[in-house]
Amino acid sequence: MKKANILLVEDEKSVASFVSTELGFENYQVEEAYDGEQALNLFLQDESKWDLILLDWMLPKLNGLEVCRRIRKRSLVPIIIMTARDYIGDKVAGLDGGADDYITKPFEIEELLARVRVAIRRKDSYAAAPMNHVYQVGDLRLDIEKRTAARDGETFNLTQREFDLLATLMKNEGKVLTREELLSKVWGFDYMGQTNIVDVYIRYLRNKIDKNQTSSLIHTVRGIGYALRIEE
């Protein structure tokens, strides 16, 4: 079985060494970078190589958020931001910047490993999706193979998590999915965060998919969850 390749970006070498060792025990192949410029250079040497990027926020030369934004312009590789910044505004900035997940330092290594498993499993599941699999709901079109989404001809820039959530809603067109179902399908059974993360990402999707449209496709079913459907 192929080992997953992880790019670990952490300027504190003792922390990087510890995390790298623990990931090695889990049979991951890890390369380390200690500043933002080095991380970008390693990534760009072979963009298709990486299965996951673990990215510290506070980095020399180029901060983690800027590294995340630049990588996201070129790739949908899963990115988990690691940082001591726990202000909600920072978390929102990280997720808006293209990160798929966010873990606050100090963290238990078991929690980080669980988040790594979820991120890589989601990536692998979409890589194994049928070729040329396209979903269409009204004027909203989703291409699984190309990992693109567009409505009325306008293409949206979605993070991997946003894309996974939209794909799940479109595959279940018209069906009401509970928050727990969405957590299981999109974040995985061993997701250890809060359930309101679903509401946060639904809001992100609405701002991209439904904003400035004459009709909304993503609907809240009060007390239950969410559905994607065309309202008559």
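Residues numbered from 1 in each chain as written. Predicted model: local features only at pLDDT ≥ 70, side-chain atom pairs only at ≥ 80, totals over all residues. Heavy atoms only, no water.

Draft legend 1. Representation of the sheet that holds strand β8 (residues 148-151) within the structure. Overall, antiparallel pairing links the 4 strands, which are arranged β6-β7-β8-β9 in an open sheet. Lying at the two open borders of the sheet, with one neighbouring strand each, are β6 (134-137) and β9 (154-156). Sheet twist, expressed as the mean angle between neighbouring strand axes with direction ignored, is 20°. Where β6 lies against strand β7 (residues 140-143), 4 bridges are found, and the strand directions are antiparallel. Bridge pairing in β7 links Q136 to R141. (Pairing = 2+ DSSP bridges. Helix = DSSP H or I, 4+ residues; strand = E, 2+ residues; numbered from the N terminus. Axes fitted to C-alpha atoms, helices over the stretch in contact; angles between N-to-C directions.)

Draft legend 2. Broad picture of the packing of helix α6 (residues 160-171) against helix α7 (residues 179-187). Look at α6 against α7: their axes get within 10 Å of each other, and the N-to-C directions meet at 125°. Considering their axes alone, α6 and α7 lie oblique with respect to each other. The element α6 and its partner α7 pack so that their crossing is right-handed. Residues R161, D164, L165, T168 and L169 of α6 form the contact with α7, whose own contacting residues are L182, K185, V186 and W187. (Parallel < 35°, antiparallel > 145°, perpendicular 65-115°, else oblique. Left-handed = near helix turned anticlockwise from the far one by under 90°. Contact = heavy atoms within 4.5 Å.)

Draft legend 3. Just the pattern of salt bridges, in detail. This structure, assessed with the given rule, holds 15 salt bridges. Measuring nitrogen to oxygen at the nearest pair gives 2.6 Å for the salt bridge that ties K105 to E10. Here E10 lies in the loop between β1 (5-9) and α1 (13-25) and K105 lies in the loop between β5 (101-104) and α5 (109-127), a separation of 95 residues in the sequence. Residue classification places E10 among the buried positions, given a relative accessible area of 1%. The closest approach of N and O atoms between E66 and R69, which form a salt bridge, is 4.0 Å. Taken together, the residues span about one helical turn, with E66 and R69 both in helix α3 (residues 64-72) at a distance of 3 residues. We classify E66 as partly exposed; its relative accessible area is 24%. (Salt bridge = Lys/Arg side-chain N within 4 Å of Asp/Glu carboxyl O. Buried < 20%, exposed > 50% of the residue type's maximum accessible area, 1.4 Å probe, protein only.)

Draft legend 4. Seen up close, empty space enclosed by the protein. Considering all chains together, one arrives at 1 cavity of 30 Å³ or more under this definition. What the largest cavity holds in volume is close to 40 Å³. P78, D100, A119, R122, Q160, R161 and D164 are the residues that line the largest cavity. Sorting the residues of the lining of the largest cavity by element identifies α5 and α6 as the ones contributing at least two each. Counting residues per element, the lining of the largest cavity draws most heavily on α6, which supplies 3 residues. When grouped by side-chain class, the residues that make up the lining of the largest cavity number 2 nonpolar, 1 polar and 4 charged. (1 Å grid on protein atoms, 1.4 Å probe; cavity = no way out; pocket = protein on both sides within 12 Å on 5 of 7 lines; lining within 4 Å. Points joined across faces, edges and corners; volume = space filled by probe spheres on them. Nonpolar A, V, L, I, M, F, W, Y, C, P; charged D, E, K, R; others polar.)

Draft legend 5. Expanded view of the side chain of D35. Topologically, D35 is positioned in the loop between β2 (29-33) and α2 (36-45). With a relative accessible area of 13%, D35 lands in the buried category. In contact with D35, other than residues within four places in its own chain, are V9, L59, P60 and K61.

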